[in-house]
Amino acid sequence: MFQIHRQRRWVLPMLAALLAAGAGASYGYRQARDVADPPPEACDVSYQTDEEATTSVDQEPGSDEYRDLTPEEERVIVHKGTEMPFTGEYDDHFEAGIYTCRRCGAMLYRSADKFRAGCGWPAFDDEIPGAVKRIPDPDGRRTEIICANCGGHLGHVFEGERLTEKNVRHCVNSISLRFIPEKEVQYGRAIFAAGCFWGVEHCLKEQPGVVETTVGYTGGTKENPTYEEVCRGNTGHLEAVEVLYDPVRVSYEELAKLFFEIHDPTQANGQGPDLGEQYLSAIFYLDDEQKRVAEKLIEELKAKGMKVVTQVRPAGKFWPAEQYHQDYYAKKGQTPYCHVRKKLW
Ligand SMILES: [Zn+2]
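Residues numbered from 1 in each chain as written. Predicted model: local features only at pLDDT ≥ 70, side-chain atom pairs only at ≥ 80, totals over all residues.

1. Re the nonpolar core
- Judged by nonpolar contacts, the single largest core of 72 residues is most densely connected at Leu108, Cys147 and Phe192.
- Here this core gets six residues from one element, more than from any other, and that element is helix H7 (residues 252-261).
- Looking at which domains feed residues into this core, each of domain 1 (3-183) and domain 2 (186-332) supplies at least three.
- For Phe192, the contacting residues outside a window of four places in its chain are Val200, Ala240, Val241, Phe259 and Ile283. (Core = buried A, V, L, I, M, F, W, Y, C linked by C-beta atoms within 7 Å. Buried ≥ 20, exposed ≤ 12 C-beta atoms within 10 Å, placed from the backbone. Helix = DSSP H or I, 4+ residues; strand = E, 2+ residues; numbered from the N terminus. Domains from an automatic or database assignment. Contact = placed C-beta atoms within 7 Å.)

2. Notes on the confidence of the model for the chain
- The predicted model of the chain averages 84 in pLDDT, with 81% of residues at 70 or higher.
- Low confidence marks residues 1-42, where pLDDT is under 50. Its contacts with residues over four positions away, or in another chain, come to 69 contacts.
- pLDDT under 50 marks residues 45-64. Its contacts with residues more than four places away, or in other chains, come to 29 contacts. (pLDDT = per-residue confidence, 0-100.)

3. Considerations on the pairing of strand E7 (residues 153-159)
- Burial analysis of E7 places six of its seven residues in the buried class, which makes it a mostly covered element.
- Summarising the sheet, strand E6 (residues 143-147) and E7 pair through four bridges and their orientation is antiparallel. From the neighbouring strand, Ile146 faces E7, where its bridge partner is His153.
- The hairpin formed by E6 and E7 contains five residues between the paired strands, and Gly151 there has a positive phi angle of roughly 80°.
- Here E7 pairs with strand E8 (residues 168-172) via five bridges, running antiparallel. Note that in E8 the partner of His156 across the bridge is Cys171. (Pairing = 2+ DSSP bridges.)

4. So, unusual backbone geometry
- A positive phi angle, near 60°, is found at Lys80, a position not held by glycine.
- Structurally, Lys80 is set in the loop between helix H4 (71-77) and strand E1 (97-101).
- Overall, the presence of 27 C-beta atoms within 10 Å leaves Lys80 in the buried class.
- For Asp327, which is not glycine, the phi torsion reads 50° and is therefore positive.
- In this structure, Asp327 sits in the loop between strand E17 (319-320) and helix H9 (328-332).

5. Some details on the environment of Lys343
- The residue Lys343 is located in the segment after H9 in this model.
- Looking at Lys343, the number of C-beta atoms within 10 Å reads 9, which means it is exposed.
- A C-alpha to C-alpha distance of 9.0 Å links Lys343 and Phe260, two positions 83 residues apart in sequence.

6. A word on the sheet that holds strand E2 (residues 107-110)
- A sheet is described by the order of its strands in space; here three strands give the open sequence E2-E1-E9, paired in antiparallel fashion. Taken across any chain shown, the strands that pair with only one partner, and hence form the sheet edges, are E2 and strand E9 (177-181). Sheet twist, expressed as the mean angle between neighbouring strand axes with direction ignored, is 30°.
- Note that E1 and E2 share three bridges and pair antiparallel. Residue Tyr99 lies in a different strand from E2, and its bridge partner there is Tyr109. (Axes fitted to C-alpha atoms, helices over the stretch in contact; angles between N-to-C directions.)

In C-alpha coordinates:
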(Lines give C-alpha, C1' and ligand atoms only; values in the text may rest on other atoms or scores of the structure.)
Protein backbone atom coordinates (compact mmCIF):
# COMPACT_ATOMS: atom_id res chain seq x y z
CA MET A 1 0.00 0.00 0.00
CA PHE A 2 2.87 2.33 0.73
CA GLN A 3 4.99 1.29 -2.21
CA ILE A 4 5.31 4.61 -4.01
CA HIS A 5 7.53 6.20 -6.60
CA ARG A 6 10.65 7.72 -5.11
CA GLN A 7 10.06 11.19 -6.47
CA ARG A 8 6.61 11.28 -4.93
CA ARG A 9 7.36 9.50 -1.70
CA TRP A 10 6.57 12.52 0.47
CA VAL A 11 2.98 12.79 -0.75
CA LEU A 12 1.45 9.84 1.04
CA PRO A 13 3.17 10.48 4.37
CA MET A 14 2.01 14.08 4.31
CA LEU A 15 -1.56 13.21 3.41
CA ALA A 16 -1.59 10.46 6.00
CA ALA A 17 -0.39 12.72 8.77
CA LEU A 18 -2.76 15.52 7.86
CA LEU A 19 -5.61 13.03 7.98
CA ALA A 20 -4.52 12.05 11.46
CA ALA A 21 -4.81 15.62 12.66
CA GLY A 22 -8.55 15.52 12.09
CA ALA A 23 -9.19 11.89 12.94
CA GLY A 24 -7.54 11.61 16.30
CA ALA A 25 -8.97 14.47 18.28
CA SER A 26 -11.44 12.38 20.25
CA TYR A 27 -8.84 9.80 21.35
CA GLY A 28 -7.34 10.85 24.64
CA TYR A 29 -4.36 9.53 26.55
CA ARG A 30 -6.23 7.04 28.72
CA GLN A 31 -7.78 5.35 25.74
CA ALA A 32 -4.39 4.95 24.12
CA ARG A 33 -3.12 3.13 27.22
CA ASP A 34 -6.08 0.78 27.15
CA VAL A 35 -5.46 -0.44 23.64
CA ALA A 36 -1.70 -0.62 23.88
CA ASP A 37 -0.11 -4.01 23.31
CA PRO A 38 1.62 -5.87 26.16
CA PRO A 39 5.42 -5.78 26.17
CA PRO A 40 7.20 -8.31 23.94
CA GLU A 41 7.94 -11.70 25.45
CA ALA A 42 11.52 -12.92 25.77
CA CYS A 43 13.84 -14.30 28.40
CA ASP A 44 10.85 -14.73 30.71
CA VAL A 45 10.76 -11.01 31.38
CA SER A 46 7.23 -11.04 30.01
CA TYR A 47 5.44 -11.56 33.29
CA GLN A 48 6.27 -8.00 34.19
CA THR A 49 3.12 -6.14 33.25
CA ASP A 50 2.95 -2.59 31.99
CA GLU A 51 1.79 -1.40 35.36
CA GLU A 52 4.67 -3.12 37.16
CA ALA A 53 7.12 -1.76 34.65
CA THR A 54 6.05 1.80 35.22
CA THR A 55 5.18 1.97 38.89
CA SER A 56 8.75 2.37 40.09
CA VAL A 57 9.89 5.00 37.65
CA ASP A 58 10.09 8.59 38.76
CA GLN A 59 7.21 9.72 36.63
CA GLU A 60 4.12 7.55 36.65
CA PRO A 61 1.53 7.68 33.90
CA GLY A 62 -1.07 10.29 34.71
CA SER A 63 0.90 11.72 37.61
CA ASP A 64 1.56 15.42 38.06
CA GLU A 65 5.27 14.82 37.55
CA TYR A 66 5.01 15.01 33.79
CA ARG A 67 6.21 18.22 32.34
CA ASP A 68 3.47 20.83 31.90
CA LEU A 69 2.46 21.07 28.26
CA THR A 70 1.71 24.16 26.24
CA PRO A 71 -1.69 24.16 24.48
CA GLU A 72 -0.04 23.22 21.17
CA GLU A 73 1.98 20.40 22.79
CA GLU A 74 -1.21 19.13 24.40
CA ARG A 75 -3.07 19.22 21.09
CA VAL A 76 -0.49 16.91 19.52
CA ILE A 77 0.73 14.75 22.44
CA VAL A 78 -2.55 14.25 24.34
CA HIS A 79 -5.17 14.75 21.65
CA LYS A 80 -3.15 13.12 18.86
CA GLY A 81 -2.94 16.11 16.61
CA THR A 82 -0.34 16.72 13.91
CA GLU A 83 1.95 19.69 13.51
CA MET A 84 2.10 21.34 10.10
CA PRO A 85 4.79 19.78 7.89
CA PHE A 86 8.14 21.58 7.57
CA THR A 87 7.40 23.67 10.67
CA GLY A 88 8.84 21.55 13.51
CA GLU A 89 12.19 22.37 15.10
CA TYR A 90 13.65 18.90 14.44
CA ASP A 91 12.54 18.36 10.84
CA ASP A 92 15.94 19.46 9.52
CA HIS A 93 17.99 18.72 12.65
CA PHE A 94 20.92 16.30 12.56
CA GLU A 95 23.08 16.76 15.67
CA ALA A 96 24.37 13.75 17.60
CA GLY A 97 22.28 12.87 20.62
CA ILE A 98 19.02 11.40 21.85
CA TYR A 99 15.44 12.45 21.21
CA THR A 100 13.33 12.09 24.35
CA CYS A 101 9.59 12.28 24.98
CA ARG A 102 8.69 15.91 25.51
CA ARG A 103 6.14 15.00 28.17
CA CYS A 104 7.81 12.34 30.33
CA GLY A 105 11.48 12.56 29.33
CA ALA A 106 11.86 8.89 28.30
CA MET A 107 14.55 8.23 25.68
CA LEU A 108 12.87 7.40 22.36
CA TYR A 109 15.20 7.75 19.36
CA ARG A 110 18.91 7.98 18.59
CA SER A 111 20.17 10.62 16.18
CA ALA A 112 22.01 7.82 14.35
CA ASP A 113 18.63 6.44 13.23
CA LYS A 114 17.33 9.77 11.92
CA PHE A 115 17.23 10.25 8.17
CA ARG A 116 16.06 12.76 5.58
CA ALA A 117 12.67 11.57 4.38
CA GLY A 118 11.64 14.88 2.85
CA CYS A 119 8.15 14.55 4.28
CA GLY A 120 8.21 17.55 6.60
CA TRP A 121 8.49 15.70 9.90
CA PRO A 122 11.43 14.06 11.68
CA ALA A 123 11.94 10.51 10.38
CA PHE A 124 13.69 7.60 12.12
CA ASP A 125 14.14 4.06 10.87
CA ASP A 126 14.58 2.57 14.32
CA GLU A 127 13.67 3.29 17.93
CA ILE A 128 15.42 2.71 21.24
CA PRO A 129 14.40 -0.87 22.15
CA GLY A 130 11.02 -0.98 23.86
CA ALA A 131 10.65 2.81 23.92
CA VAL A 132 7.90 3.16 21.31
CA LYS A 133 4.60 1.28 21.13
CA ARG A 134 2.65 0.64 17.99
CA ILE A 135 -1.13 0.68 18.14
CA PRO A 136 -3.78 0.58 15.41
CA ASP A 137 -4.82 4.05 14.37
CA PRO A 138 -8.55 4.75 14.70
CA ASP A 139 -8.58 5.37 10.94
CA GLY A 140 -8.27 1.60 10.49
CA ARG A 141 -5.37 1.92 8.04
CA ARG A 142 -2.30 3.27 9.73
CA THR A 143 -0.25 2.38 12.78
CA GLU A 144 0.05 5.02 15.44
CA ILE A 145 3.19 5.26 17.58
CA ILE A 146 3.11 6.37 21.21
CA CYS A 147 5.67 6.76 23.98
CA ALA A 148 5.79 3.37 25.75
CA ASN A 149 6.31 5.10 29.07
CA CYS A 150 3.56 7.74 29.16
CA GLY A 151 1.37 6.94 26.16
CA GLY A 152 1.95 10.35 24.59
CA HIS A 153 1.24 10.56 20.85
CA LEU A 154 4.34 10.65 18.65
CA GLY A 155 3.07 10.12 15.10
CA HIS A 156 2.78 7.10 12.81
CA VAL A 157 5.05 4.35 11.54
CA PHE A 158 5.20 3.18 7.94
CA GLU A 159 6.87 0.12 6.46
CA GLY A 160 7.67 -0.90 2.92
CA GLU A 161 8.52 2.54 1.55
CA ARG A 162 12.11 1.47 0.84
CA LEU A 163 13.54 4.76 2.07
CA THR A 164 16.28 3.10 4.12
CA GLU A 165 17.72 -0.37 4.46
CA LYS A 166 15.56 -1.06 7.49
CA ASN A 167 12.52 -0.14 5.40
CA VAL A 168 10.77 1.57 8.32
CA ARG A 169 9.87 5.19 8.84
CA HIS A 170 8.78 6.56 12.19
CA CYS A 171 7.12 9.83 11.23
CA VAL A 172 7.25 11.86 14.44
CA ASN A 173 6.00 15.29 15.37
CA SER A 174 8.88 17.52 16.47
CA ILE A 175 6.68 18.88 19.22
CA SER A 176 6.41 15.39 20.76
CA LEU A 177 10.21 15.28 21.12
CA ARG A 178 12.95 17.01 23.05
CA PHE A 179 16.51 16.66 21.80
CA ILE A 180 19.40 16.08 24.24
CA PRO A 181 22.94 16.55 22.80
CA GLU A 182 25.07 13.43 23.24
CA LYS A 183 27.34 15.03 25.85
CA GLU A 184 24.36 15.93 28.02
CA VAL A 185 22.51 12.61 27.89
CA GLN A 186 22.24 11.24 31.41
CA TYR A 187 22.33 7.49 30.98
CA GLY A 188 22.25 5.25 34.00
CA ARG A 189 25.19 2.82 33.96
CA ALA A 190 25.52 -0.57 35.61
CA ILE A 191 27.96 -3.49 35.41
CA PHE A 192 26.97 -7.07 36.21
CA ALA A 193 28.78 -10.41 36.00
CA ALA A 194 26.65 -13.57 36.07
CA GLY A 195 28.41 -16.23 34.04
CA CYS A 196 28.65 -16.48 30.27
CA PHE A 197 28.18 -12.91 29.09
CA TRP A 198 26.27 -13.97 25.98
CA GLY A 199 23.28 -15.08 28.05
CA VAL A 200 23.48 -12.26 30.57
CA GLU A 201 23.44 -9.66 27.80
CA HIS A 202 20.54 -11.38 26.06
CA CYS A 203 18.40 -11.26 29.21
CA LEU A 204 19.31 -7.72 30.25
CA LYS A 205 18.51 -6.41 26.77
CA GLU A 206 14.92 -7.57 27.17
CA GLN A 207 14.30 -5.13 30.01
CA PRO A 208 12.42 -2.02 28.85
CA GLY A 209 14.59 1.01 29.59
CA VAL A 210 17.87 -0.70 28.70
CA VAL A 211 19.29 1.44 25.90
CA GLU A 212 22.58 -0.28 25.17
CA THR A 213 24.61 -3.25 26.39
CA THR A 214 28.26 -4.19 25.92
CA VAL A 215 29.85 -7.50 26.89
CA GLY A 216 33.40 -7.35 28.20
CA TYR A 217 35.89 -8.09 30.92
CA THR A 218 36.44 -6.37 34.26
CA GLY A 219 37.70 -6.96 37.77
CA GLY A 220 41.20 -8.13 36.84
CA THR A 221 44.56 -6.58 36.22
CA LYS A 222 45.42 -7.50 32.63
CA GLU A 223 45.12 -4.57 30.23
CA ASN A 224 43.39 -5.14 26.88
CA PRO A 225 42.51 -8.73 27.75
CA THR A 226 41.45 -11.12 25.00
CA TYR A 227 38.80 -13.80 25.28
CA GLU A 228 41.43 -16.51 25.13
CA GLU A 229 43.41 -14.90 27.97
CA VAL A 230 40.31 -14.58 30.14
CA CYS A 231 39.33 -18.19 29.39
CA ARG A 232 42.74 -19.38 30.53
CA GLY A 233 41.79 -17.84 33.89
CA ASN A 234 44.99 -16.01 34.74
CA THR A 235 43.79 -12.43 34.29
CA GLY A 236 41.50 -12.00 37.30
CA HIS A 237 38.82 -10.71 34.92
CA LEU A 238 35.19 -11.77 34.94
CA GLU A 239 32.93 -11.92 31.93
CA ALA A 240 30.59 -8.98 32.51
CA VAL A 241 27.95 -6.81 30.85
CA GLU A 242 27.91 -3.03 30.91
CA VAL A 243 24.40 -1.60 30.71
CA LEU A 244 23.41 1.92 29.69
CA TYR A 245 19.82 2.57 30.72
CA ASP A 246 17.17 5.25 30.78
CA PRO A 247 16.56 6.20 34.43
CA VAL A 248 13.09 7.48 33.52
CA ARG A 249 12.03 3.96 32.55
CA VAL A 250 13.96 1.59 34.80
CA SER A 251 15.78 1.97 38.10
CA TYR A 252 19.12 0.51 39.15
CA GLU A 253 17.27 -1.58 41.73
CA GLU A 254 15.01 -3.09 39.09
CA LEU A 255 18.04 -3.97 36.98
CA ALA A 256 19.87 -5.47 39.96
CA LYS A 257 16.82 -7.61 40.79
CA LEU A 258 16.75 -8.78 37.19
CA PHE A 259 20.46 -9.63 37.46
CA PHE A 260 19.77 -11.88 40.47
CA GLU A 261 16.77 -13.48 38.77
CA ILE A 262 18.55 -14.51 35.57
CA HIS A 263 21.30 -16.52 37.22
CA ASP A 264 22.03 -18.58 40.32
CA PRO A 265 23.72 -16.23 42.82
CA THR A 266 24.39 -19.16 45.15
CA GLN A 267 26.73 -21.04 42.78
CA ALA A 268 30.30 -20.50 43.98
CA ASN A 269 32.40 -22.09 41.22
CA GLY A 270 30.94 -20.49 38.11
CA GLN A 271 27.52 -20.41 36.52
CA GLY A 272 25.62 -23.45 35.33
CA PRO A 273 27.94 -25.63 33.27
CA ASP A 274 30.49 -22.81 32.89
CA LEU A 275 33.03 -23.27 35.65
CA GLY A 276 35.95 -21.00 36.45
CA GLU A 277 36.77 -17.66 38.00
CA GLN A 278 35.69 -15.72 34.91
CA TYR A 279 32.12 -16.94 35.41
CA LEU A 280 31.65 -15.81 39.02
CA SER A 281 28.66 -13.76 40.15
CA ALA A 282 29.48 -10.12 40.90
CA ILE A 283 28.03 -6.64 40.97
CA PHE A 284 30.54 -3.91 40.11
CA TYR A 285 29.08 -0.76 41.66
CA LEU A 286 29.74 2.70 40.27
CA ASP A 287 28.69 4.71 43.32
CA ASP A 288 27.68 4.34 46.95
CA GLU A 289 23.99 4.16 46.09
CA GLN A 290 24.52 1.18 43.78
CA LYS A 291 26.56 -0.49 46.52
CA ARG A 292 23.78 0.12 49.04
CA VAL A 293 21.14 -1.32 46.69
CA ALA A 294 23.27 -4.39 45.90
CA GLU A 295 23.92 -5.14 49.56
CA LYS A 296 20.28 -4.57 50.47
CA LEU A 297 19.07 -7.03 47.81
CA ILE A 298 21.60 -9.64 48.93
CA GLU A 299 20.32 -9.28 52.50
CA GLU A 300 16.77 -9.74 51.23
CA LEU A 301 17.76 -12.94 49.40
CA LYS A 302 19.63 -14.23 52.44
CA ALA A 303 16.50 -13.59 54.49
CA LYS A 304 14.71 -15.90 52.06
CA GLY A 305 17.24 -18.60 52.89
CA MET A 306 19.51 -18.26 49.86
CA LYS A 307 23.24 -18.59 50.44
CA VAL A 308 24.20 -15.79 48.06
CA VAL A 309 27.88 -15.70 47.04
CA THR A 310 27.64 -12.68 44.72
CA GLN A 311 30.59 -10.35 45.16
CA VAL A 312 29.93 -6.62 45.55
CA ARG A 313 32.98 -4.81 44.21
CA PRO A 314 33.87 -1.28 43.13
CA ALA A 315 33.87 -0.91 39.36
CA GLY A 316 37.21 -0.53 37.66
CA LYS A 317 38.10 -0.36 34.01
CA PHE A 318 35.65 -2.20 31.76
CA TRP A 319 37.27 -3.75 28.67
CA PRO A 320 34.77 -4.37 25.84
CA ALA A 321 35.03 -7.88 24.41
CA GLU A 322 35.79 -8.70 20.82
CA GLN A 323 33.07 -7.68 18.36
CA TYR A 324 31.93 -11.23 17.64
CA HIS A 325 30.85 -11.61 21.27
CA GLN A 326 28.56 -8.56 21.16
CA ASP A 327 24.86 -9.42 20.77
CA TYR A 328 25.92 -13.00 20.26
CA TYR A 329 22.51 -14.66 20.58
CA ALA A 330 20.79 -11.98 18.52
CA LYS A 331 23.31 -12.50 15.71
CA LYS A 332 22.89 -16.27 15.90
CA GLY A 333 19.12 -16.14 16.22
CA GLN A 334 19.35 -18.36 19.28
CA THR A 335 18.33 -18.15 22.93
CA PRO A 336 20.60 -18.80 25.92
CA TYR A 337 21.17 -22.26 27.33
CA CYS A 338 22.62 -20.80 30.51
CA HIS A 339 20.25 -18.07 31.72
CA VAL A 340 16.52 -18.26 32.42
CA ARG A 341 14.67 -15.80 34.59
CA LYS A 342 13.28 -17.09 37.85
CA LYS A 343 11.25 -14.67 39.91
CA LEU A 344 12.72 -13.95 43.36
CA TRP A 345 10.78 -10.84 44.41
ZN1 LIG B 1 6.51 9.83 27.33
